[in-house]
Amino acid sequence: MVKLIHTLADHDDDVNCCAFSSSLLATCSLDKTIRLYSLSDFSELPHSPLKFHTYAVHCCCFSASGHILASCSTDGTTVLWDTQNGQTLAVMEQPSGSPVRVCQFSPDSTCLVSGAADGTVVLWNAQSYKLYRCASVKDGSLVACAFSPNGNLFVTGSSCGDLTVWDDKMRCLHSEKAHDLGITCCDFSPQPVSGGEQGLQFFRLASCGQDCQIRIWVISFTHTLARIAEDQPKQFTEDWSEDDVSKWLCAQGLKDLVGIFKTNNIDGRELLNLTKESLADDLKIESLGLRSKVLREIEELRTKMKTLSSGIPDEFICPITRELMKDPVIASDGYSYEKEAMENWISKKKRTSPMTNLVLPSVVLIPNRTLKMAIDRWLETHQK
């Protein structure tokens, strides 16, 4: 049985997208606005419509909590809104300035993907509002995007029919012509597929196209690579989640403070801003010795951040550890890795490439002396 219970007719032009949170409905339109409605009675909120975009709004989506709404537009921006008061939290400009067609939060809402008409795809840190990684597809506009349930993968679809799989570090894992005409939508099944090889996780993905077809895909992801990313805190402290801060505290012998930091929602940005006053007055850490130790460790993080703020070139970072390489080697897949990390990868009977998941033709690792010299020169310049 289907029954119409309400009709909303407040937009002045085509409505491009709608999205639900637990308590709200959001809609966006060619009329440049986003409107918010209460699900209790479908009344429009007092601070609606939301106005900032100067051209058509193509897509909108809620964060997991529903407290933040993202919208993207032909004006080349993706805007984050506070749904409780309608205020803009951030305006994130697509680096190319191209019209942004699609945006999507990761399941934990720490990241946001925006895809543009020129094929550029940006992974944003949704907490610091900073660009984390940027890449592009070879042809067409990006019109669809979906995250895997665990957030380790996301997929983009283009107007040329290409489907591209990315990991959460913006590494392109796979790309192929999925539909003869453009892709219109794609989405992951919420549950992984059971079975398969040990160490692999499988997800179902559906893609829809203008070729009148719906295609069902199975995408595999290596558990080990996911665990490496989860177990090691992100390189830039300001990007740390609350869990990353907890892991850092344990590593510094401060396990007893984990509960206090979690209760106060201390993430990476908050950690770097802590002072002796806030440790004593806000976090109520009574021990002078503990406060002093925390401050010393935080100061070390700040020093490291100053070194990293100059920007490590991507080619100097190991794809496995996500850290600056000390002893780079070239594997048979053509990519360079930290020697110890790649040896560990292979020793666990993994004959697949960490970058492509394809079988490695050989397990021989060749020292990349040219890259090592380039890294050493960069360090000499940036660590003075």
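Model, not experiment: these values are computed from the prediction.

S.K.: Hey, could you run me through the overall build of the protein in this one?
M.R.: Helix and strand content of the protein: 8 helices and 22 strands. Taking 21 Å as the expected radius of gyration for a compact globule of 384 residues, we find that the protein reaches 23 Å, a close match to that expectation. In terms of its C-alpha atoms, the protein occupies a principal-axis envelope of roughly 60 × 60 × 40 Å. Residue burial in the protein is summarised as follows: out of 384 residues, 47% are buried. Approximately 19,500 Å² of the protein is accessible, and the part contributed by carbon and sulfur atoms is 51%. In the protein, 38 positive and 48 negative side-chain charges are present, and the distance between their average locations comes to 6 Å.

S.K.: In this structure, what is going on with the pattern of salt bridges? I would like to understand it.
M.R.: Side-chain pairs of opposite charge can arise where the charged atoms are in close proximity. On inspection of all chains with the given rule, the structure shows 2 salt bridges. The partner of R35 in a salt bridge is E44, and the shortest N-O contact between them spans 2.8 Å. A relative accessible area of 12% means that R35 is categorised as buried.

S.K.: Got a minute to help me understand the side chain of N368 in this structure?
M.R.: Mapped onto the elements, N368 comes out in the loop between β22 (366-367) and α8 (369-382). Using a relative accessible area of 13% as the deciding quantity, one classes N368 as buried. If we skip the residues at most four places from it in the chain, N368 touches P328, V329, I330 and S336.

S.K.: Please explain the pairing of strand β3 (residues 33-38) as it appears in this structure.
M.R.: Burial analysis of β3 places 6 of its 6 residues in the buried class, which makes it a mostly covered element. With 5 bridges joining them, strand β2 (residues 24-29) and β3 adopt antiparallel strand pairing. By the bridge assignment for β3, T27 is matched with R35. Adjacent in sequence and paired antiparallel, β2 and β3 are bridged by 3 residues, among which K32 carries a positive phi angle near 80°.

S.K.: What is the right way to look at the packing of aromatic side chains in this model?
M.R.: Each aromatic ring pair is characterised by the separation of its centres together with the angle its planes make. Inspection of every chain in the model, using the stated rule, returns 4 aromatic pairs. For the pair F154 and W166, a centre-to-centre distance of 6.2 Å together with 15° between the ring planes defines the contact as stacked. Linking F154 in strand β14 (residues 153-158) with W166 in strand β15 (residues 162-167), this pair joins segments that are 12 residues apart in sequence. Judged on exposure class, the residue F154 and its partner W166 are both buried.

S.K.: Even after reading the chapter, I still don't get the sheet that holds strand β4 (residues 50-51), so can you show me in this structure?
M.R.: Two orientations exist for strands paired in a sheet by backbone hydrogen bonds: parallel and antiparallel. Strand order in the open sheet formed by 4 strands is β1-β2-β3-β4, and the pairing between neighbours is antiparallel. If you trace the sheet from one side to the other, it starts and ends with β1 (15-20) and β4, each paired once.

Rules of the game
Residues numbered from 1 in each chain as written. Predicted model: local features only at pLDDT ≥ 70, side-chain atom pairs only at ≥ 80, totals over all residues. Heavy atoms only, no water. Helix = DSSP H or I, 4+ residues; strand = E, 2+ residues; numbered from the N terminus. Rg over C-alpha atoms; globule rule 2.2 N^0.38 Å. Buried < 20%, exposed > 50% of the residue type's maximum accessible area, 1.4 Å probe, protein only. Areas by Shrake-Rupley, 256 points an atom, 1.4 Å probe, with all protein chains shown as cover. Lys, Arg positive; Asp, Glu negative; His and termini not counted. Charge placed at Lys NZ, Arg CZ, Asp CG, Glu CD. Salt bridge = Lys/Arg side-chain N within 4 Å of Asp/Glu carboxyl O. Contact = heavy atoms within 4.5 Å. Pairing = 2+ DSSP bridges. Phe/Tyr/Trp six-rings, centres within 6.5 Å; stacked < 30°, edge-to-face > 60°.

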